[in-house]
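Residue strings, one per chain:
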Amino acid sequence: MKARFSAFVQKWLSLPILTIAAIALGALVGALTAFFGQVLLAVSAVRDANPLYWIPGLALIGIAIVLGYKKFGKGTERGMDMVFGVAHGKENEIPLRMIPMVAVSTWLTHLFGGSAGREGVAMQIGATLGHNISKKIPMENAGKILLIAGMAAGFAGLFQTPLAAIALALEVLLVGYLNLSALLPATAAAFTAYKVSEMLGLEKFSVDLHTLFPDSNVAGLLWNENGLDIQFVLKLALLGVLFGIVGGGFAKMLSIAKKLFANKLPNAVKRITFVGIALSLLLLLFWQGRYAGLGTNLIDLCFANPKAANVNVAGVAATVFACDWILKFALTIATIAVGFKGGEITPLFAIGATFGTWVAAMVGVPLPLAAALGYAAVFGGATNTLLAPIFIGAEIFGFDTLPAFFIVCVVAFVCNGGQSIYAQKKLRLK
């Protein structure tokens, strides 16, 4: 009788129970990511107001981060690697201490000018809570499904792009397809986290491209009186090639940099000290912190006033420089590779937008559209994902742009060389 009841529960009640758990998970993750995101914005504003006070201390705070992990967060310094290890069944535990450790170390990284992102924290918060909640639910695959749902909730709560969050959480773990057993709980968790973080005041970044080039629109560029404009499609495909190479190159260079720094400077304290000093000097040299933090300042420049976004290597701070994308590219790799915390995705948005701004005129695509396409496609190229960048482009820049994002992101996905900032093997749910 007990076995029959257990089989009944597993067959008919497993998905509803996991979905209800995912809603609760999403609410909790949404609240935590809203708090994390608002504090991060506050510390970034403090740094931007007085960069000369904070950026010189990057190496010292790096030492504090390394020593803090050794004393209080042993093992959790591996971050997403630990999450992937649990997802693959290679490890059994994601300790709850990972959440305060990664949140505080990321706040400190940004306060002192490290060029890093924030999504790593959100996804680790979600994965950690999902994993620990699943221990209380005796359902088949509960651990893996709620871990995926937690990652989706973290991304959705922080960026408020639930469709992209669902796709990313499924794509980075699954082999070549989206598993429906995780889809419904991930959807419930992502939309709940998105709504909760919105209610708690975390603002979403979005751009109305129509206000930036009102005389044209994506549909008008793709189709004319003769039907599909093949010439414009080829221009989009060329952008996709370029964005895929930049995104894949970022992932490859990050992997090389991590190995190089670990081999040349095996002592973690010395590694983060020496490279931290060099980063402080470079961040101050390049316009006193222009490339510090998330890179949202660069993104804002790309979309604030496209006519003023002159692409050159000299000028005032209100211009987009031709060197912006490559300097953000290099400084982010160095920051993450030596052990500072945060993530890579928001800097990838900045790299893609500034690179798109630079190549727009060369390819013959309107500047704001090229910047928007780069914003999404470089992220897709670096994460080796297809649906996530398409959705994030549509959710941020408008769903009428979906055909353009589809073309560019498909080509970027094909041209990224199979590289990914998430270096783990992908997971196939049973």
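Described below are features of the structure shown in this document. The structure displayed is predicted, hence computed values, not measured ones. (Residues numbered from 1 in each chain as written. Predicted model: local features only at pLDDT ≥ 70, side-chain atom pairs only at ≥ 80, totals over all residues. Heavy atoms only, no water.)

## Topic: the layout of surface pockets
Thinking step 1. Approximately 1100 Å³ is the volume attributed to the largest pocket.
Thinking step 2. The wall of the largest pocket is formed by 41 residues, among which Glu 77, Arg 78, Asp 81, Lys 258 and Lys 341 lie closest to the centre.
Thinking step 3. Going through the elements one at a time, helix H3 (58-72), helix H4 (80-87), helix H6 (119-134), helix H12 (230-264), helix H13 (268-285) and helix H15 (324-337) are the ones with two or more residues in the lining of the largest pocket.
Thinking step 4. Looking at which element gives the most residues to the lining of the largest pocket, the answer is H12, with 7 residues.
Thinking step 5. Within this model, the second largest pocket holds a volume of roughly 620 Å³.
Thinking step 6. Of all elements in the fold, only helix H1 (2-49), helix H7 (142-159), helix H14 (296-304) and helix H16 (345-363) reach the threshold of two or more residues within the lining of the second largest pocket.
Thinking step 7. The dominant element in the lining of the second largest pocket, judged by the number of residues it contributes, is H1, at 6 residues.
Thinking step 8. The residue makeup of the lining of the second largest pocket, split by class, is 14 nonpolar, 11 polar and 7 charged. (1 Å grid on protein atoms, 1.4 Å probe; cavity = no way out; pocket = protein on both sides within 12 Å on 5 of 7 lines; lining within 4 Å. Points joined across faces, edges and corners; volume = space filled by probe spheres on them. Helix = DSSP H or I, 4+ residues; strand = E, 2+ residues; numbered from the N terminus. Nonpolar A, V, L, I, M, F, W, Y, C, P; charged D, E, K, R; others polar.)

## Some details on the environment of Ile 125
Thinking step 1. The topology assignment puts Ile 125 in helix H6.
Thinking step 2. Taking relative accessible area as the criterion, Ile 125 reaches 2% and is therefore assigned buried.
Thinking step 3. Distance from Ile 125 to Leu 28, taken between C-alpha atoms, is 9.8 Å for residues 97 residues apart in sequence.
Thinking step 4. Once you skip the residues sitting within four places of it in the chain, Ile 125 turns out to touch Leu 32 and Ile 99. (Buried < 20%, exposed > 50% of the residue type's maximum accessible area, 1.4 Å probe, protein only. Contact = heavy atoms within 4.5 Å.)

## Overview of the nonpolar core
Thinking step 1. Ranked by size, the top nonpolar core spans 145 residues in total, and within it Met 151 and Phe 303 carry the most contacts.
Thinking step 2. Looking at this core element by element, the count peaks at 13 residues for H7.
Thinking step 3. Excluding residues within four positions of it along the chain, Phe 303 makes contact with Phe 205, Val 207, Leu 209, Leu 212, Ala 353, Pro 368, Ala 371, Ala 372 and Phe 397. (Core = buried A, V, L, I, M, F, W, Y, C linked by side-chain atoms within 4.5 Å.)

## Considering H14
Thinking step 1. Along H14, the residues classified as buried are Leu 298, Ile 299, Leu 301, Cys 302 and Phe 303.
Thinking step 2. Summarising the contacts, the buried residues of H14 are in contact with helix H10 (209-212), H15, H16, helix H17 (367-383) and helix H18 (387-397).

## Re the packing of H12 against H15
Thinking step 1. For the pair H12 and H15, interaxial distance at closest approach is 9 Å and the crossing angle is 35°. When the axes of H12 and H15 are compared, the crossing they make is right-handed. Mapping the contact onto sequence places Val 246, Gly 249, Phe 250, Met 253, Leu 254, Ala 257, Lys 258 and Phe 261 in H12 and Trp 325, Phe 329, Thr 332, Ile 333, Ala 334, Ile 336 and Ala 337 in H15. (Axes fitted to C-alpha atoms, helices over the stretch in contact; angles between N-to-C directions. Left-handed = near helix turned anticlockwise from the far one by under 90°.)

## Overview of the pattern of salt bridges
Thinking step 1. For the coordinates displayed, the defined rule picks out 5 salt bridges.
Thinking step 2. Two residues, Lys 135 and Glu 93, come together in a salt bridge whose shortest N-O distance is 2.6 Å. Placement of the pair is Lys 135 in the loop between H6 and H7 and Glu 93 in the loop between H4 and helix H5 (98-111), with a sequence separation of 42 residues. (Salt bridge = Lys/Arg side-chain N within 4 Å of Asp/Glu carboxyl O.)

## Some thoughts on the side chain of Ser 280
Thinking step 1. Looking at where Ser 280 falls in the secondary structure, it is placed in helix H13.
Thinking step 2. Residue Ser 280 is classed as buried on the basis of its relative accessible area, which comes to 6%.
Thinking step 3. Non-local contacts of Ser 280, meaning those with residues more than four positions away in its chain, are made with Ile 55, Pro 56, Leu 58 and Ala 59.

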